[in-house]
Amino acid sequence: AQSVTQLGSHVSVSEGALVLLRCNYSSSVPPYLFWYVQYPNQGLQLLLKYTTGATLVKGINGFEAEFKKSETSFHLTKPSAHMSDAAEYFCAASSSGSARQLTFGSGTQLTVLP
Amino acid sequence: EPEVTQTPSHQVTQMGQEVILRCVPISNHLYFYWYRQILGQKVEFLVSFYNNEISEKSEIFDDQFSVERPDGSNFTLKIRSTKLEDSAMYFCASGTGGNTEAFFGQGTRLTVV
């Protein structure tokens, strides 16, 4: 069975600083990996996904993530945080590329300090 | 931009009552999903629905739950006899399948009292 672990339920960064949100997966086969963002009172919005091919994936709003099979990781980064990045971020994995049986991490609340 | 819409945004119900959560998926999507998030816990898969039948379901999705696409546009989740532990945020999602992403609605917060 798959599991997804997000280290740090709360992360605070200063505006302009690097954002690093950690995600590790546990799977017997390399899964498909996703990052979703949830702004207050809104649904889950896909930031980026890894299915096959290039291991560095670029998403919306300047975010990117790198699939590292040797480390079973898919950490989310953004070089320079913006106040509008404050939200909850969820890492998820699936055995297929679609939403069938997405396994979510517990989420990381990102706070951006002025 | 097309979006998945869910109604109501918040529902309060008494234990033992039936509730129906409604979702309008994006119109050309063929795959539909329900997920839930109990407060402070992970988002959990409940069920996927394709071609008018359940394609996959989790162990959470027991006989108390059912899904339906009654009219070709709505996608509903029914909980027959609610329990306190059914209190959660319920997310509907839809997609075109294959390796494409799922689009999530804003959620319905269900509170069972």
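That block above? That's the structure.
Below: a short report on this structure. (Residues numbered from 1 in each chain as written. Chains lettered and ligands numbered in written order. Predicted model: local features only at pLDDT ≥ 70, side-chain atom pairs only at ≥ 80, totals over all residues. Heavy atoms only, no water.)

1. Notes on the state of the cysteines
Residues and elements named next belong to chain B. To keep things clear, this is the line we draw: In plain terms, two cysteine sulfur atoms within 2.5 Å form what is called a disulfide here. Helix numbers and strand numbers start at the N terminus; a helix is a DSSP run of H or I with at least 4 residues, a strand a run of E with at least 2. Throughout, exposure labels follow a simple rule: accessible area from a 1.4 Å probe, protein chains only, divided by the maximum for the residue type, with under 20% read as buried, over 50% as exposed, and the rest as partly exposed.
According to the stated counting rule, one finds two disulfides over all chains in the structure shown. Between Cys-23 and Cys-92 runs a disulfide, and the two sulfur atoms are separated by 1.9 Å. Every disulfide takes its handedness from the sign of the S-S torsion; for Cys-23 and Cys-92 that torsion is -65°, giving left-handed. Here Cys-23 is found in strand β3 (residues 19–24), whereas its partner Cys-92 is found in strand β9 (residues 88–95), with 69 residues between them in sequence. The class of Cys-23 is buried, set by a relative accessible area of 0%.

2. What to know about the interface of chain A and chain B
Quick note on the threshold: Throughout, a residue-residue contact means that at least one pair of heavy atoms, one from each residue, lies within 4.5 Å. Once two parts are joined, some of their accessible surface, as seen by a 1.4 Å probe, is lost; buried area is that loss totalled over both. Each salt bridge in this description consists of a side-chain nitrogen of Lys or Arg and a carboxyl oxygen of Asp or Glu lying within 4 Å of one another.
Taken together, the contact between chain A and chain B spans 20 residues of the former and 19 residues of the latter. Buried area between chain A and chain B, summed over both chains or domains, comes out near 1700 Å², and the portion from carbon and sulfur atoms is 55%. There are zero salt bridges connecting chain A and chain B. Elements that contribute at least two residues to the side of chain A that touches chain B include exactly β4 (32–38) and β5 (44–50) of chain A.

3. Observations regarding the sheet that holds strand β8 (residues 75–79) of chain B
All names here are of chain B. Basically, it comes down to this: Following DSSP output, two strands are said to pair if at least two bridges run between them. Between the N-to-C directions of two axes lies an angle of 0 to 180 degrees, each axis being a line fitted to C-alpha atoms and, for a helix, fitted only over the stretch in contact.
Sheet architecture is open: four strands sit in the order β1-β3-β8-β7, paired in antiparallel fashion. Either end of the sheet is taken by a strand with one partner, and the two such strands are β1 (5–7) and β7 (65–68). With strand direction ignored, the average angle separating the axes of adjacent strands in the sheet is 20°. One ladder, built from three bridges, connects β1 with β3; its direction is antiparallel. Directly across from Thr-7, in β3, lies its bridge partner Arg-22.

4. A closer look at unusual backbone geometry
For the bond from Thr7(B) to Pro8(B), the omega torsion is -10°, close enough to zero to count as cis. As for its position among the elements, Pro8(B) is in the loop between β1 and β2 (10–13). Of note, Thr72(A) is a non-glycine position whose phi angle comes to about 45°, a positive value. If you trace the backbone, Thr72(A) turns up in the loop between β7 (64–68) and β8 (73–78). Notably, Asn52(B) is not glycine yet its phi reads approximately 65°, a positive angle.

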